[in-house]
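Remarks on the overall topology
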Amino acid sequence: MNSEQAQLIYQLLGSWLTFLRLDLLRGRSRPTRLRMRPMLMERNEQVGRFIQSVLSEETEASLIRYMRMTKEDFKYILALIAPKIRRQDTAMRLAITARDKFIVTMRYLATGEDYGSLELSYRISRQSISLFIPEVCDSLIILLRDYVKLPATNDEWLRVSATFQDRWQFPHAIGAIDGKRILIKNPNFSGSDNFNYKQFCSIVLLAIVDANSNFIFADVGYKGRISDGGVLRYSSLYRMLENNLLQIPDPECLTNEPPSSIKVPYMLLGDKAFAFTTYCLRPFEGNTRSGSVKRIFNNRHSRARMTVEMAFRMLSARFRVLRTVMEQDTDTGSKIVLATIYVHNFIRRGLEQKSTDSYQHDVDTNDPNGLQEPLPGVYHRPSDNLLEMRMYLAQRFAMNNEECVKYV
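Quick summary incoming for the structure in this document.

What counts, and at which threshold
Residues numbered from 1 in each chain as written. Predicted model: local features only at pLDDT ≥ 70, side-chain atom pairs only at ≥ 80, totals over all residues. Heavy atoms only, no water. Helix = DSSP H or I, 4+ residues; strand = E, 2+ residues; numbered from the N terminus. Polar contact = N/O pair within 3.5 Å; in protein donor to acceptor, adjacent residues only side chain to side chain. Core = buried A, V, L, I, M, F, W, Y, C linked by side-chain atoms within 4.5 Å. Buried < 20%, exposed > 50% of the residue type's maximum accessible area, 1.4 Å probe, protein only. Contact = heavy atoms within 4.5 Å. Pairing = 2+ DSSP bridges. Lys, Arg positive; Asp, Glu negative; His and termini not counted. Salt bridge = Lys/Arg side-chain N within 4 Å of Asp/Glu carboxyl O. Expected span 1.5 Å × (residues − 1). Axes fitted to C-alpha atoms, helices over the stretch in contact; angles between N-to-C directions. Parallel < 35°, antiparallel > 145°, perpendicular 65-115°, else oblique. Nonpolar A, V, L, I, M, F, W, Y, C, P; charged D, E, K, R; others polar. Phe/Tyr/Trp six-rings, centres within 6.5 Å; stacked < 30°, edge-to-face > 60°. Lys NZ or Arg CZ within 6 Å of the ring centre and 35° of its normal.

Looking now at the side chain of Lys101. Here Lys101 lies in helix H5 (residues 98-111). A distance of 2.9 Å separates a polar atom in the side chain of Lys101 from the backbone oxygen of Ile85.

Next comes the structure, spelled out in structure tokens:
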């Protein structure tokens, strides 16, 4: 047998062994690969019945505890956002309904549960949840935008100011401004950019509220290390205030007061983290004596400014996601925060704010500055006219205050 014949035999033998191996592989039964986990395939049956039982609950309190809104509000918002978040069914699987997306999103905003817990509760994969929650929040922000907006005319600003005068006895106030730190998981490669003076990582929510603690402006997403005054300077609101683009009324003399040449501008009420300007009024700095004109002004100022603190408190009480550490990226976290504000204002529309009376005396009068916690201040030398105007207001407040002592 020569070498050519031996090589031919080896090739035939190799081909025959390959054929046997392939034949054996064909005979093996391969496990069937499922497109969905068996648990997730129960969504339309078990979870559908559960959601229907919640929506058919006769007592409104159950639905409010579950999703923070009444049945009528739920149906109204769902009808608004359904066309934007609905997806078409396919031959392979049924799409997640707009109703289920909205309910899961509202439950997440209400409780702050992690996606894994929501997956077990609603039989929807955490990957799908992470995709449609930002989508639903985007739709809520767009479709409820009319519920959070600044006044557009002089008359609307004057109505806001009149409400501050009636409820909090503070003239020419057109809003209370403050910032809130939202806890987040520190993004990768961000260093200490989001590490704030309270010793945790956050993004900053800058908000303005009216006398009824309703939000009229909200901006979120700034790095936590930036102070409230710095956030204001970076925001679009700062340019509009500096250039007088908001149709805020011109300074006027106080009504129902003795004649004076001092005209008081219409201003936002801010703490010492904000600069004292023609559109933002802050309290007196330093220690003030009990019963002095400055202390009385600081107490009145702090009481009126408490509306923004109350708004933050009510917002985080209704939507507990703001009390948890958000693990999403900052853009998604900002959408979630804004969505809670827009839904919060929608729920509070037209309601009488009964809770404000219980907070009127929350100011700690033992605090020399009338503030509840120390804040990093912003040094800004105000003009002499502004200082004179603030002292004029303080003296007007003191004239009708029985605790006033004739010194400053």
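Let us keep going from here.
What follows is about the nonpolar core. Ranked by size, the top nonpolar core spans 61 residues in total, and within it Phe102, Leu140 and Phe215 carry the most contacts. Excluding anything up to four places from it in sequence, Phe215 contacts Tyr147, Val148, Ala207, Ile208, Val209, Ala311, Phe312, Leu315, Ile341, His344 and Asn345. Within the second largest apolar cluster, 29 residues are counted, among which are Phe170, Ile262, Met310 and Ala394.

Turning next to the pairing of strand E3 (residues 215-223). Put simply, side chains in a regular strand alternate between the two faces of the sheet. Counting buried positions over the nine residues of E3 gives seven, a clear majority of the element. Where strand E2 (residues 202-209) and E3 come together, seven bridges link them in antiparallel fashion. Among the inter-strand pairings, Val209 is bridged to a residue of E3, identified as Phe215. The loop that links E2 with its antiparallel partner E3 comprises five residues; one of these, Ser213, has a positive phi angle of about 65°.

A word on the side chain of Lys180. In this fold, Lys180 is placed in strand E1 (residues 173-183). Buried and without a salt bridge, Lys180 has Glu309 as its closest oppositely charged side chain, separated by 7.8 Å.

For helix H4 (residues 71-85), with 15 residues, the first-to-last C-alpha span of 20 Å sits near the 21 Å given by 1.5 Å per residue. Here H4 has its buried residues at Asp73, Phe74, Ile77, Leu78, Ile81, Ala82 and Ile85.

Here we take up helix H8 (residues 154-168). Given 3.6 residues per helical turn, the α-helix brings residues three or four places apart onto the same face. An ideal rise of 1.5 Å per residue puts 21 Å on 15 residues; H8 measures up with 21 Å between its terminal C-alpha atoms. On its buried side, H8 packs onto E1, E2 and helix H11 (293-318). In the segment just after H8, Gln169 is the residue with positive phi, at about 55°.

Okay, the pattern of salt bridges next. All chains considered together, the criterion is met by 15 salt bridges. Across the pair Asp138 and Lys335 runs a salt bridge, and its minimum N-O distance is 3.1 Å. Of this pair, Asp138 sits in helix H7 (residues 126-143) while Lys335 sits in helix H12 (residues 330-348), and the two are 197 residues apart along the sequence. Classification of Asp138 as partly exposed rests on a relative accessible area of 29%. Classification of Lys335 by relative accessible area gives partly exposed; the value is 28%. Arg390 is the salt-bridge partner of Glu285, the closest N and O atoms lying 3.7 Å from each other. Of this pair, Glu285 sits in the loop between strand E5 (280-281) and H11 while Arg390 is found in helix H13 (residues 384-399), placing the two residues 105 residues apart along the sequence. For Glu285, a relative accessible area of 44% corresponds to the partly exposed category.

Between helix H6 (residues 115-122) and H7, the least distance of the axes is 9 Å, while the angle of their chain directions is 110°. On the basis of the axis angle, H6 is roughly perpendicular to H7. Between H6 and H7, the residues in contact are Tyr115, Gly116, Leu118 and Glu119 and Arg126, Ile129, Ser130 and Ile133, respectively. By residue class, the composition of the contact of H6 with H7 is four nonpolar, two polar and two charged.

Let's shift gears to the packing of aromatic side chains. Tallied over the entire structure, the rule returns nine aromatic pairs. Measuring from ring centre to ring centre gives 5.1 Å for Tyr147 and Phe346, while their planes differ by 85°; the resulting arrangement is edge-to-face. Placement of Tyr147 in the loop between H7 and H8 and of Phe346 in helix H12 is noted, with a sequence separation of 199 residues between them. Taking relative accessible area as the criterion, Tyr147 reaches 28% and is therefore assigned partly exposed. Note on Phe215 and Phe312: the rings are 6.2 Å apart at their centroids and 40° apart in plane angle, and the pair reads as tilted. One end of the pair, Phe215, is in strand E3; the other, Phe312, is in helix H11, with 97 residues separating them in the sequence. Here Phe312 falls in the buried class, since its relative accessible area comes to 5%. Members of the aromatic cluster, joined through ring pairs, are Phe170, Phe284, Phe297 and Phe397. Looking at Arg300, its charged tip hangs above the ring of Phe397, at a distance of 4.4 Å from the centre. Here the basic side chain of Arg349 rests over the ring of Phe346, its NZ or CZ set 4.1 Å away from the ring centre.

With mixed pairing, five strands are arranged side by side in an open sheet as E3-E2-E1-E4-E5. For this open sheet the edge positions go to E3 and E5, each flanked by a neighbour on one side alone. Where strand E4 (residues 267-269) and E5 come together, two bridges link them in parallel fashion. Bridge pairing in E5 places Leu269 opposite Leu281. Sitting on the sheet, H8 touches E1 and E2, and the angle it makes with E1 is about 85°. Against the sheet, H11 contacts E1, E2, E3, E4 and E5, and its axis sits at roughly 50° relative to E1.

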